[in-house]
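# Architecture and fold: a report
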Amino acid sequence: MPRIHVVATGGTIAGAQAVPGGHGYAAGAFTVDALLAAVPDLAGIAHVSAEQLVNIGSQDMNDRVWLTLARRLEQLAASDDVDGIVVTHGTDTMEETAWFAHLTVRTTKPLVFVGSMRPATALGADGPANLRDAVALAADPAASGRGVLVVLNDTIHGARDAYKLHASRVDAFRSPERGPLGRFEGGRPCFTLPPLAAGQGSFPLGDAQALPLVFILYAHASMGRELIDAALAAGAAGLVIAGVGNGNMTDPALDALQEAAARGVAVVRSTRLPEGAVLRNGEVDDDARGFIAAREFKPGKARVLLQLALLSSRDPKALQEVFDQA
Ligand code: ASP
């Protein structure tokens, strides 16, 4: 029987409604033992052990928890007593944490993130089924060497491409650029795409105690330089712009960012659109302005990648290579 370890961090999967059947609820109300107890046939799939790392809504996720989580996952992955790992997590920032884990944790063992869109007390709660699928996925040798995976709603995504694209539906996650890696059929994982494990563990954390400060700024009509200046005054090492269209923005914003780049701040052009890659030197002359094009990475994932890349280089050319190859 495969030995699967569950690391719980909170989220709606552990959420409880104030009024049964009501709309409002608090994330992170149940512990991991209660979550596991709600899945009837788990003991038939794997020997499951568990720990509670934190119990928070993932809107409150932060660099400190990421560093702790990544180091714990490394430890577990290196253990001869663990065949696969499941992380329960809120869905709001799962696309960021799973990507962070993918980039920092070196392992070929299955490492699966799971959450739910409905709290544990809701009618039709999706948490128990998703958790069951996550354990089954982590227990399946076919899931090894595929990079960090995300599973919800019978669908298997790669951490590189998974985004939350709906605020409430159980099919909230999509992989807009490359499609999901597979699905569940009859309770078993079925992969439909080859592994996308490239880059897994390519940013070892070493003894890093903190991550560089990187902000995301959202472009819009009439965008000025005010928030760019505020981010610089706050000490930003990098800025990710959720640009309009192909990573575009107003001239005043471009000029303020060019000044920032000249001062050694990494400026990454991403897009506020849910699909499509931002290409280098499209309508913006990245070469002349010293910018980096985010390629397929939407702002949340671009920020994670930039934080990790900035641990070893501030050179825009080297940073662009990171985005080209990730
Ligand atoms: N706000 C919740 C969280 O991210 C939403 C969820 O888990 O679905 O923790």
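Residues numbered from 1 in each chain as written. Predicted model: local features only at pLDDT ≥ 70, side-chain atom pairs only at ≥ 80, totals over all residues. Heavy atoms only, no water.

Further remarks concern the sheet that holds strand β5 (residues 84-88). One open sheet accounts for eight strands, arranged β4-β1-β5-β6-β7-β8-β11-β12; its pairing is mixed. In this open sheet, the two edge strands, each paired with only one partner strand, are β4 (47-56) and β12 (188-191). In this sheet, adjacent strand axes meet at a mean angle of 25° when their direction is disregarded. In terms of strand pairing, strand β8 (residues 155-158) meets strand β11 (residues 182-185) through two bridges, oriented antiparallel. Bridge pairing in β11 links Thr155 to Arg183. Relative to β4, helix α2 (residues 63-78) is tilted by about 170°, and along the sheet it contacts β1 (3-10), β4, β5 and β6 (111-114). Strand contacts of helix α4 (residues 127-138): β1, β4, β5, β6, β7 (149-152), β8, β11 and β12, with the helix running at about 155° to β5, the strand carrying the most contacts. (Pairing = 2+ DSSP bridges. Helix = DSSP H or I, 4+ residues; strand = E, 2+ residues; numbered from the N terminus. Axes fitted to C-alpha atoms, helices over the stretch in contact; angles between N-to-C directions. Contact = heavy atoms within 4.5 Å.)

Let's shift gears to the site of the ligand. Around the ligand, the neighbouring residues are Gly11, Thr12, Tyr25, Gly57, Ser58, Gln59, Gly90, Thr91, Asp92 and Ser116. Note that a nitrogen atom of the ligand is positioned 2.7 Å from one of the side-chain N or O atoms of Asp92. With the chains in place, 94% of the 260 Å² that the ligand exposes on its own is no longer accessible. By residue class, the composition of the shell around the ligand is one nonpolar, eight polar and one charged. (Near = heavy atom within 4 Å. Polar contact = N/O pair within 3.5 Å; in protein donor to acceptor, adjacent residues only side chain to side chain. Areas by Shrake-Rupley, 256 points an atom, 1.4 Å probe, with all protein chains shown as cover. Nonpolar A, V, L, I, M, F, W, Y, C, P; charged D, E, K, R; others polar.)

So, on to the sheet that holds strand β16 (residues 292-293). The sheet built from four strands is open, its strands ordered β13-β14-β15-β16 with parallel pairing. With one partner strand each, in any of the chains shown, β13 (214-218) and β16 form the two edges of the open sheet. Bridge count for β13 against strand β14 (residues 238-243) is five bridges, and the pairing is parallel. The residue of β14 that forms the bridge with Val214 is Gly238. Contacts between helix α8 (residues 299-309) and the sheet are confined to β13, β14 and β15 (266-271), with β14 contributing the most and set at about 165° to the helix.

By volume, the largest pocket amounts to about 330 Å³. The calculated volume of the second largest pocket comes to roughly 280 Å³. Glu95, Ile216, Lys298, Pro299 and Gly300 are the residues nearest the centre of the second largest pocket, which is lined by 14 residues in total. Taken together, the elements giving at least two residues each to the lining of the second largest pocket come down to α3 (94-104), β9 (163-164) and α8. The biggest single contributor to the lining of the second largest pocket is α8, with three residues. When the residues that make up the lining of the second largest pocket are grouped by side-chain class, the tally is six nonpolar, two polar and six charged. (1 Å grid on protein atoms, 1.4 Å probe; cavity = no way out; pocket = protein on both sides within 12 Å on 5 of 7 lines; lining within 4 Å. Points joined across faces, edges and corners; volume = space filled by probe spheres on them.)

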